[in-house]
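Working through the structure, step by step
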Amino acid sequence: GQRFHGAVCLALGWAAWKTYLDRPERDDFRCLATEVLGTALRESRQPEEALPVLEVNLALTRRYWSHNDRAILGAQSNIASCLADLGRRD
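Residues numbered from 1 in each chain as written. Predicted model: local features only at pLDDT ≥ 70, side-chain atom pairs only at ≥ 80, totals over all residues. Heavy atoms only, no water.

1. Comments concerning helix H4 (residues 69–85)
- The terminal C-alpha atoms of H4, which comprises 17 residues, lie 24 Å apart, in line with the 24 Å expected from a rise of 1.5 Å per residue.
- Buried-residue contacts for H4 involve helix H2 (28–43) and helix H3 (47–64).
- Directly after H4, the chain includes Gly87, whose backbone phi takes a positive value near 75°. (Helix = DSSP H or I, 4+ residues; strand = E, 2+ residues; numbered from the N terminus. Expected span 1.5 Å × (residues − 1). Contact = heavy atoms within 4.5 Å.)

Structure below.
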């Protein structure tokens, strides 16, 4: 599919979040929407806003998809990238 960036990516991230917010925490699309929004915020040079969203994504992934090592590693990688953007090494 097409890869969006900048303001369009951020708008799509917020739209996904608003669309799936009312679904149960365990819903695949809701979890994916948190990842999309967090990544869009980070790529839009808003790492302070992205970090808590990405942390929620990791928590949901660990809680409901603990068997999916690849998803957990991806969520951890997103947080690591965001922390690097913030100049943090924790």
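2. Remarks on the pattern of salt bridges
- According to the stated counting rule, one finds four salt bridges in the structure shown.
- Where Arg63 meets Glu25, a salt bridge forms, and the shortest distance between an N and an O atom there is 2.9 Å. Highlighted residues: Arg63 in helix H3 and Glu25 in the loop between helix H1 (6–20) and H2, separated in sequence by 38 residues.
- Given a relative accessible area of 33%, Glu25 falls into the partly exposed group.
- Its salt-bridge partner being Arg42, residue Asp85 comes within 2.7 Å of it at the nearest N-O pair. Placement of Asp85 in helix H4 and of Arg42 in helix H2 is noted, with a sequence separation of 43 residues between them.
- Under the relative-accessibility criterion, Arg42 is labelled partly exposed at 23%. (Salt bridge = Lys/Arg side-chain N within 4 Å of Asp/Glu carboxyl O. Buried < 20%, exposed > 50% of the residue type's maximum accessible area, 1.4 Å probe, protein only.)

3. A short note on H3
- Its 18 residues place the ends of H3 25 Å apart at the C-alpha level, agreeing with the 26 Å of an ideal helix rising 1.5 Å per residue.
- All of the buried residues along H3 are Pro47, Ala50, Leu51, Val53, Leu54, Asn57, Leu58, Leu60, Thr61 and Tyr64.

4. Considerations on the nonpolar core
- Counting residues in each nonpolar core, the largest one holds 15 residues, and the members touching the most others are Leu41, Ala50, Leu51, Leu54, Leu58, Ile79 and Cys82.
- Those elements giving two or more residues to this core turn out to be H1, H2, H3 and H4.
- Non-local contacts of Cys82, meaning those with residues more than four positions away in its chain, are made with Arg42, Pro47, Ala50, Leu51 and Leu54. (Core = buried A, V, L, I, M, F, W, Y, C linked by side-chain atoms within 4.5 Å.)

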